[in-house]
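Here's the letter readout for the chains.
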Amino acid sequence: MKGHFAIARTAFPIILANATVPLLGLADTAAIGHTGGAQELGAIALGALVFSFLYWGFGFLRMSTTGFVAQAAGAGDYTEVRDVALRAGVMGIAIGVMLVALQYVIGVVALYLLDASDAVKHGVRTYFDVRIWGAPATLTTFAVLGVLIGLGKTRHLLWLQLVLNGLNIALNVFFVIGLDWGVKGIAMGTAIAEWSSLLLGIWMVHRILNTLCPDGDKSWPWFADRGKLWQMITTNGNIMVRTLALLVGFAWFANQGARFGDATLAANHVLLQFVSFSAFFLDGYAYVVEMMVGRAIGAHREQTFRKELKQANQLAGATALLLALLFFGIGVPAIHGLTSDTAVRTVAQQYLPYACAYILFSFYAFQLDGVFIGATRSREMRNASVFSLMVFIACSAVLTAHFGNAGLWLAFINYVLVRGLSLAYYLPRVAARFAKRLRDN
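Given the structure is predicted, the values throughout are model-derived calculations rather than measurements.

What counts and what doesn't
- Residues numbered from 1 in each chain as written.
- Predicted model: local features only at pLDDT ≥ 70, side-chain atom pairs only at ≥ 80, totals over all residues.
- Heavy atoms only, no water.
- Helix = DSSP H or I, 4+ residues; strand = E, 2+ residues; numbered from the N terminus.
- Buried < 20%, exposed > 50% of the residue type's maximum accessible area, 1.4 Å probe, protein only.
- Contact = heavy atoms within 4.5 Å.
- Areas by Shrake-Rupley, 256 points an atom, 1.4 Å probe, with all protein chains shown as cover.
- Axes fitted to C-alpha atoms, helices over the stretch in contact; angles between N-to-C directions.
- Parallel < 35°, antiparallel > 145°, perpendicular 65-115°, else oblique.
- Left-handed = near helix turned anticlockwise from the far one by under 90°.
- Nonpolar A, V, L, I, M, F, W, Y, C, P; charged D, E, K, R; others polar.
- 1 Å grid on protein atoms, 1.4 Å probe; cavity = no way out; pocket = protein on both sides within 12 Å on 5 of 7 lines; lining within 4 Å.
- Points joined across faces, edges and corners; volume = space filled by probe spheres on them.
- Core = buried A, V, L, I, M, F, W, Y, C linked by side-chain atoms within 4.5 Å.
- Salt bridge = Lys/Arg side-chain N within 4 Å of Asp/Glu carboxyl O.
- Patch = residues over 30% accessible without salt bridge, like charges linked within 9 Å, V, L, I, M, F, W, Y side chains within 5 Å.

Trainee: I'd like a rundown of the overall build of the chain, residues and numbers included.
Mentor: Secondary structure summary: the chain contains 17 helices and zero strands in total. Of all 441 residues assigned to the chain, the portion counted as buried reaches 52%. For the chain, the share of sequence-separated contacts (at least 6 apart) that also reach a separation of at least 24 residues comes to 83%. In the form shown here, the chain has an accessible surface area of approximately 19700 Å², with 67% of it arising from carbon and sulfur atoms.

Trainee: Run through the packing of helix H13 (residues 302–338) against helix H14 (residues 342–374), naming residues and quoting values.
Mentor: Between H13 and H14, the least distance of the axes is 9 Å, while the angle of their chain directions is 165 degrees. Judged by the angle between their axes, H13 and H14 are roughly antiparallel. As for the relative orientation of H13 and H14, their crossing is right-handed in sense. For the contact of H13 with H14, the residue count by class is 20 nonpolar, six polar and one charged.

Trainee: Any chance you could break down empty space enclosed by the protein for me, citing the residues and the numbers?
Mentor: For the structure on display, the rule yields one cavity of 30 Å³ or more. Roughly 30 Å³ of internal volume is contained in the largest cavity. Every residue along the wall of the largest cavity is listed here: Val289, Met292, Val293, Phe305, Glu308 and Leu309.

Trainee: Let's hear about the nonpolar core: which residues, and what values?
Mentor: By size, the foremost hydrophobic cluster in this structure holds 91 residues, and its most contacted members are Tyr55, Leu61, Leu99, Leu139, Leu151 and Val371. The dominant element in this core, judged by the number of residues it contributes, is helix H12 (residues 262–298), at 12 residues. For Tyr55, the residues in contact, after removing those within four places along its chain, are Leu99, Arg131, Gly134, Ala135, Thr138, Leu139, Phe142 and Glu194. Counting 31 residues, the second-largest nonpolar core is a separate cluster that includes Ala267, Val275, Ile359 and Tyr415.

Trainee: Just give me the short version of unusual backbone geometry, but keep the residues and values in it.
Mentor: With a phi angle near 60 degrees, His300 is a residue other than glycine that sits in the positive phi range. By the element assignment, His300 lies in the loop between H12 and H13. The partly exposed category is assigned to His300, whose relative accessible area is 31%. Phi angles above zero are rare outside glycine, and Thr376 is one such case at about 50 degrees. What makes Thr376 buried here is its relative accessible area of 11%.

Trainee: Provide a residue-level description of the pattern of salt bridges, including the pertinent values.
Mentor: Enumeration over the complete set of coordinates arrives at eight salt bridges. Arg131 is paired through a salt bridge with Glu194; the nearest N and O atoms lie 3.3 Å apart. Taken together, the residues span a long stretch of sequence, with Arg131 in helix H6 (residues 118–131) and Glu194 in helix H9 (residues 182–212) at a distance of 63 residues. The closest approach of N and O atoms between Arg419 and Asp369, which form a salt bridge, is 2.6 Å. With Arg419 in helix H16 (residues 405–425) and Asp369 in helix H14, this pair connects stretches of sequence that are 50 residues apart. We classify Arg419 as buried; its relative accessible area is 9%. Residue Asp369 is classed as buried on the basis of its relative accessible area of 8%.

Trainee: Can you explain the packing of H6 against H9? Please cite residues and give values.
Mentor: To describe two helices that pack against each other, one gives the angle between their axes and the distance between the axes. In contact at an axis separation of 8 Å, H6 and H9 are set at 20 degrees when each is read in the N-to-C sense. Between H6 and H9, the angle falls in the class roughly parallel. Here the hand of the crossing between H6 and H9 comes out right-handed. In this structure, H6 uses Gly123, Thr126, Tyr127, Val130 and Arg131 to contact H9, whose residues at the interface are Val183, Lys184, Ile186, Ala187, Met188, Thr190, Ala191 and Glu194. Classifying every residue of the contact of H6 with H9 by side-chain character gives seven nonpolar, three polar and three charged.

Trainee: So what about a nonpolar patch on the surface? Which residues, and what values?
Mentor: Nonpolar side chains collect at one region of the surface, where Met98, Leu102, Tyr104, Val105, Val108, Val109, Tyr112 and Leu113 lie side by side and expose about 870 Å² of accessible area between them. Ranked by the residues each element gives to the nonpolar patch, the list is headed by helix H5 (residues 103–113), at six residues. Summarising the element assignment, Met98 is placed in helix H4 (residues 78–101). For Met98, a relative accessible area of 38% translates into the label partly exposed.

Trainee: Give me the lowdown on the side chain of Arg242, citing residues and values where you can.
Mentor: Looking at where Arg242 falls in the secondary structure, it is placed in helix H11 (residues 226–258). When its relative accessible area of 8% is taken as the criterion, Arg242 is described as buried.

Any functional reading would require information that these geometric values do not contain.
Okay, here's the thing in structure tokens:
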């Protein structure tokens, strides 16, 4: 029980940090809702969606950094921890500057893909033109978060997220309600909060590393060691493909649901809010697994890895079961709270058990994602994601033809199961990672 408690205690700040994210969206909606109209609300909703897709594709800056930092920390090599942080930070700044330089092209493509009125698109353009200047800060902050998780400093992560989202809410209220800047004010507040949180994050990491490595070499070997730099680039490329495959999978689910009418599309969206809420909890355990696996590999403690992974899986599985039962019990009133449309309510209630089943079975994929991130086995993650996506598309084509939206949900449940099982197929390669570390040392 001691091991379970330690894992839960480490995961809890991450869960709280994740829970602050939807509060920001609610505050933005409330601020615009009291000063603007439907067009302004639509503009910030679609503008935020553009940046979610844009930034999610570069989530490898957080994930690979966690794995490399955890492994170096497990080996007691804090000079390498500092070097990993530098490599990831410079990479985040470089990609962010590239996005700023390409902002015109990105903006044109994004607006072309959005199906909205001209007035809403004008608002999205205003939002995009301001917020894009926060890209270098956001992407570099991904690297900072990776360092904090890799070192197990989850309380620092919580404080960083609280500052980011708290300052963002305060600035958005000031700019929108106080100065009446509308959509531009929302984007301005977000960009300022992103840069402010980056500075705080750099300060946190600097203090932590000065404590862990007070006499470390002050040179910049991260630049000279091209082998390690190329290893990080290769790992990041594989994780990016994996992330894009996940994006395509969820986009496919939404697009297939649209074939069954507006009510079904909206009902599926409502049910996905339950799935997203559950991910806040399951992600917390997965992040801890990333850190534990990386540290065990760095310290050559294979038995510790197996013991801690079993404990984390038990906690995540129990949490997934509780969440599934929770939404099965309160799902109907929750659906009524999210929509007043009678048709949408009826359809959502019909498919609520499928969403609960997805939540229950999803934890294994989350956990194994954490294992492979911590082990920096990104090629296997990439292959598993692409394979499971192909299976999902094939299954949905067959099942929807016979069972409609129920078939789509069955294919979606199978998708997350196949993700977990395909990663489990590669799990012996993580054990091989321990053997490789022993040979290298």
